[in-house]
Amino acid sequence: MNCKICKTKNIKKEALVNLPSYNLSLCKEHFIEWFERRVQSTIKEFHMFTKEDKILVAVSGGKDSLGLWFVLNKLGYRVDGLHIDLGINEYSEKSRKYTEEFAEKIGRNLYIVDLRNEIAPIPVIKEKIFNKPACSLCGTIKRYYMNKIAKEKGYNILATGHNLDDETSVLFGNTLNWNMEYLSRQYPVLMELENTFIRKVKPYCRITEKESAIYVFLMKIKYIEEECPLSKGALSLKYKKILGDIEEQFPGTKIRFFNNFLKKIYPLLINKKEDKIKKCKICNEPSASEICSVCNLKLKLQNL
């Protein structure tokens, strides 16, 4: 099969990538061009940030976050990285190593938060305190430190590598449960609140895992390929598998599901009254109660 873009220029060049969702086959050069243009158009469409903003990318060491950091840097944005070392043995060691090597390669600042110094490694917290999925616990802790460090270091935008598969998996789960509160927050941009939350954006929200993987492969970016060992059995992975099976039979389902939610359902939810945000009386970070989730974790660990 030949590259569709080359064909319009009367050039016969074999396609490297086939994208059934868009009925598009592209050579290496035109896939890279298509991918970067898609990220840029998403940033522009949702008014995520401009080249005047100071952006911090949360980098796990996986393909999505490293690829996002790379492409934003390539597109000319001022963007540094934040890595949270979860203390999950070899998995975290490898994730941190790839992230540090990448930061050095592109010459950008990287901030490291090591949970062993802040609270305790995720496996220890899960074993001692929680009898629930590690992903939920991990997500709470990561959101806390991402917001806190971004504010402390003077960034006004926090970007994450959540891709289309992540977004549709969460959307699927929230829709199955008709969780209106979560649905009302599911948007590629969460706006800032003065002295509380900084703006959070997802420039990869229309990029699939497959497209993201092809891009980092073509850009020769090293990343950790293994899934987190604590994510086994996570509901989000099961939803991804279901949606992946549907997508295989009906290409374009995921992007239609996501786009139609944003176009038809989200506007009905945006006027939902926001809960009043308090400040944690221990760390002064935003919290839904008197003491935030992370300080609560610390207190529980101290009292064991």
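Residues numbered from 1 in each chain as written. Predicted model: local features only at pLDDT ≥ 70, side-chain atom pairs only at ≥ 80, totals over all residues. Heavy atoms only, no water.

Caption draft 1: Highlighting the overall build of the chain. When helices and strands are tallied, the chain shows 13 helices and 10 strands. Taken over the C-alpha trace, the chain has a radius of gyration of 20 Å; the compact-globule value for 304 residues is 19 Å, and the two agree within 12%. In terms of overall dimensions, the chain has C-alpha extents of about 70 × 45 × 40 Å along its principal axes. Out of the 304 residues belonging to the chain, those deemed buried represent 48%. Long-range pairs, those at least 24 residues apart, make up 70% of the contacts in the chain with a sequence separation of at least 6. When the accessible surface of the chain is summed, it comes to about 16700 Å², and 51% of that surface belongs to carbon and sulfur atoms. Averaging the coordinates of the 52 positive side-chain charges in the chain and doing the same for the 37 negative ones gives two points 3 Å apart. (Helix = DSSP H or I, 4+ residues; strand = E, 2+ residues; numbered from the N terminus. Rg over C-alpha atoms; globule rule 2.2 N^0.38 Å. Buried < 20%, exposed > 50% of the residue type's maximum accessible area, 1.4 Å probe, protein only. Contact = heavy atoms within 4.5 Å. Areas by Shrake-Rupley, 256 points an atom, 1.4 Å probe, with all protein chains shown as cover. Lys, Arg positive; Asp, Glu negative; His and termini not counted. Charge placed at Lys NZ, Arg CZ, Asp CG, Glu CD.)

Caption draft 2: Just unusual backbone geometry, in detail. Phi angles above zero are rare outside glycine, and Trp178 is one such case at about 45°. Within the element layout of this structure, Trp178 appears in the loop between α8 (164-176) and α9 (180-185). With a phi close to 60°, Lys220 is a non-glycine residue in the positive phi region. Secondary-structure assignment places Lys220 in the loop between α10 (209-218) and α11 (235-249).

Caption draft 3: Spotlight on the sheet that holds strand β5 (residues 110-114). With mixed pairing, 6 strands are arranged side by side in an open sheet as β5-β4-β3-β6-β8-β7. In the strand order of this sheet, the two ends are held by β5 and β7 (189-190), each with one partner. Sheet contacts for helix α7 (residues 134-152): β3 (54-58), β4 (78-85), β5, β6 (157-159) and β8 (199-201); angle to β4, the most-contacted strand, approximately 140°. (Pairing = 2+ DSSP bridges. Axes fitted to C-alpha atoms, helices over the stretch in contact; angles between N-to-C directions.)

Caption draft 4: Main features of the packing of aromatic side chains. Enumeration over the complete set of coordinates arrives at 15 aromatic pairs. Ring plane angle 85° and centroid distance 4.9 Å describe the contact between Phe49 and Tyr77, whose orientation is recorded as edge-to-face. You can see Phe49 sitting in the loop between α2 (28-45) and β3 and its partner Tyr77 sitting in the loop between α3 (63-74) and β4, a full 28 residues away along the chain. Here Phe49 falls in the buried class, since its relative accessible area comes to 7%. By relative accessible area, which is 5% here, Tyr77 ends up buried. A centroid spacing of 5.9 Å and a plane angle of 75° characterise the contact between Tyr111 and Tyr155, whose relative ring orientation is edge-to-face. A residue pair is termed long-range when its members are at least 10 positions apart, and Tyr111 in strand β5 and Tyr155 in the loop between α7 and β6 qualify at 44 residues. Ring-pair connections join several aromatic residues into one group, and the members of that group are Tyr22, Phe31, Trp34, Phe35, Trp69, Phe70, Phe102, Tyr204 and Tyr215. (Phe/Tyr/Trp six-rings, centres within 6.5 Å; stacked < 30°, edge-to-face > 60°.)

Caption draft 5: The arrangement of the pattern of salt bridges in detail. Taken as a whole, this structure holds 21 salt bridges when the rule is applied. Salt-bridge contacts for Glu33 lead to Arg37; the nearest nitrogen and oxygen are separated by 3.5 Å. Of this pair, Glu33 and Arg37 both sit in helix α2, 4 residues apart, which is roughly one turn of that helix. Overall, the relative accessible area of 40% leaves Glu33 in the partly exposed class. Glu45 is paired through a salt bridge with Arg206; the nearest N and O atoms lie 2.5 Å apart. (Salt bridge = Lys/Arg side-chain N within 4 Å of Asp/Glu carboxyl O.)

Caption draft 6: Structural view of the side chain of Glu167. By the element assignment, Glu167 lies in helix α8. With residues up to four places along the chain from it excluded, the contact list for Glu167 reads His162, Gln186, Lys202, Cys205 and Phe258.

Caption draft 7: Quick peek at the pairing of β4. Counting buried positions along β4 yields 7 of 8 residues, so the element is predominantly enclosed. One ladder, built from 5 bridges, connects β3 with β4; its direction is parallel. Residue pairing in the sheet places Leu56 in a bridge with Asp80 of β4. One crossover worth recording links β3 to the parallel β4 by way of α3, and it is right-handed. Pairing of β4 with β5 involves 5 bridges; the strand directions are parallel. What sits directly across from Ile84, in β5, is Val113. (Right-handed = clockwise from strand over helix to strand, strands pointing away.)

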